[in-house]
Structures are given as C-alpha cells and as structure tokens.
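Observations on chain architecture
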Amino acid sequence: MFEKFRRKAVAPAMITAPSGPADARAYAIGDVHGRLDLLRNLLEQIEADSRANPCEREYIVFVGDLIDRGPDSRGVIDLLLRSKKYLPHPVFLMGNHEEMMLRVLDKPDEKFRDWLTYGGYECAQSYGVEVGRLAAMDVEHAAALVNAAIPSEHRAFIASFADSFRFGDYVFVHAGIRPGVALDAQSTRDLRWIREDFLDSNVAHPFVVVHGHTITSAPDEQPNRIGIDTGAYASGVLTAIRIEGTTRNYLQAQV
Ligand SMILES: [Mn+2]
C-alpha cells in the first residue's frame, strides 16, 4: 500500500497546460513527402500569420519525411535550401525516409529496393532518373544512377538534419520517443521509426511530444503527444501546429 503510494507520488505528472518558452512561437510542419504544392501554400499561410501577429522569436520546425512517395521531393528540398536564409530559425528533423535514402545511397544493398518501393521511385523520378531503367539494373548500378542525379548539396543538407528539438514543455521529433527513456538517451531508431510502443503509451513524459510519421485524418491530440502527420501525399492535407505560450492552433494547406 505504502509502496504503491510512494511510487505514484514520484511519477511525473502529466503536463496539464504545456507552454512554449516566453516570447517565442513555433510552427511545426508535418510529413511533406514531396508535396511541394502544399508546402508552398502552407509556408505562405505561415508567413501571413507571422506578419499579422509579429513575435520576437520564431521557429519553423520540419518534423521529417520531406521526401519520397509524393511527386516532387527535389522541389521540396530545393525550396527549403533556398528558403533557409530567410526562414526564421528553421529546424529540420530527420525522418525514417531521409535516413533510408542516405543509407541506401551510401551503401547500396538489398534495402535499396525497399527504399524504391516505399516511395524512393517517386523521389528518384523527381531528380530526373528514368526509373523504368532501375528495375533491370543491379543494385549497385541503380544506386549509382540515383546518386549521380541528386546534387551533393541536397545530400549534405539532408544529412545535416537533427534528431529532436526542445521548445519549452514540448519536444519535436519525427516518429516518437521510447517511453521511460531520457531524451538524450533515445536511439535514432526510436526517434525516427517508433510506432505502437509510443503511440499506445499513456505515460506522462517530461514534455509533450509533437511528432509526424503516423497518419491520422486530423491532428491527433493526446495528453502526452500530438501527431501532426495528416498524410499529405495521399490525403492532400498538410498540417502545421502553431505553439505560443499555452495556446496552440493549426494551419492546413489542402487541395
Ligand atoms: Mn516517417
């Protein structure tokens, strides 16, 4: 009885009114997956929102999976490379799709075909690769062809993506976190790939986790996490969450 009571007393409490840091605002954008059209529209909305309600310190967080599946990975990376200079504090997080692309292009093996199947075909195509040729080639030559088509600047940019970003009582990651493990002890595998062990957990984390990776039809607001991947590449809806102090709301681009 006492044991139970004591354990309960030291367990972290769910943060009931999570807040961003003072005088700061964050916009976090869900999984873009090559939807340049939606990304452009959403960035315009964010710019208009920011101009209408100026804030001292603004961050724009991309929660990863910018590439694959949708039609214009190249256009998305190009736009963000060019916009980096004028976006206020951009933060780019690495998703499992960026991880997989870098991995199979660095060290081509049988996983190269998996990447193609999970949206790599569309990505390669956006870089001008005749993807019809890839199927008939051995993995090494196919990867070399894709490698040659992707500018090294794009590769270097993607390789520079971060794993998490802390914002007051919030933490932004691509997929989620392993419950009960400190943020700096999380594995990149969990941060970029985790699903049920995180999604089904009602553990009170020391922060509210904002994540993409798992598609829901609307923002998925839970006491310990908020999912913002509305499946843009298939649904035509790209979502951003806006957090300032204890208020939060959503912006969406859709076709
Ligand atoms: Mn993902």
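Keep in mind that this is a model prediction, so the values were computed, not measured. (Residues numbered from 1 in each chain as written. Predicted model: local features only at pLDDT ≥ 70, side-chain atom pairs only at ≥ 80, totals over all residues. Heavy atoms only, no water.)

1. Things to note about the packing of aromatic side chains
A full pass over the atoms with the stated rule returns nine aromatic pairs. Relative to tryptophan 115, the ring of phenylalanine 112 has its centre 5.8 Å away and its plane inclined at 50°; by these criteria the two rings are tilted. Pair noted here: phenylalanine 112 and tryptophan 115 are both in helix 5 (residues 111–126), with a separation of three residues, about one helical turn. Comparing phenylalanine 112 with tryptophan 115 shows no difference in burial state: the two are buried. Grouped by ring-pair contacts, the aromatic residues Tyr59, Phe165, Phe167 and Phe172 constitute a single cluster. Directly above the ring of tryptophan 193 sits arginine 189, whose terminal nitrogen or CZ lies 5.5 Å from the centroid. Positioned above the aromatic ring of phenylalanine 198, the side-chain terminus of arginine 225 is 5.9 Å from the ring centre. (Phe/Tyr/Trp six-rings, centres within 6.5 Å; stacked < 30°, edge-to-face > 60°. Helix = DSSP H or I, 4+ residues; strand = E, 2+ residues; numbered from the N terminus. Buried < 20%, exposed > 50% of the residue type's maximum accessible area, 1.4 Å probe, protein only. Lys NZ or Arg CZ within 6 Å of the ring centre and 35° of its normal.)

2. Digging into unusual backbone geometry
The phi dihedral of aspartate 65 falls on the positive side, at around 60°, and the residue is not glycine. Positionally, aspartate 65 belongs in the loop between strand 2 (57–62) and helix 3 (73–83). The backbone of aspartate 68 sits at a positive phi, close to 70°, despite the residue not being glycine. Structurally, aspartate 68 can be placed in the loop between strand 2 and helix 3.

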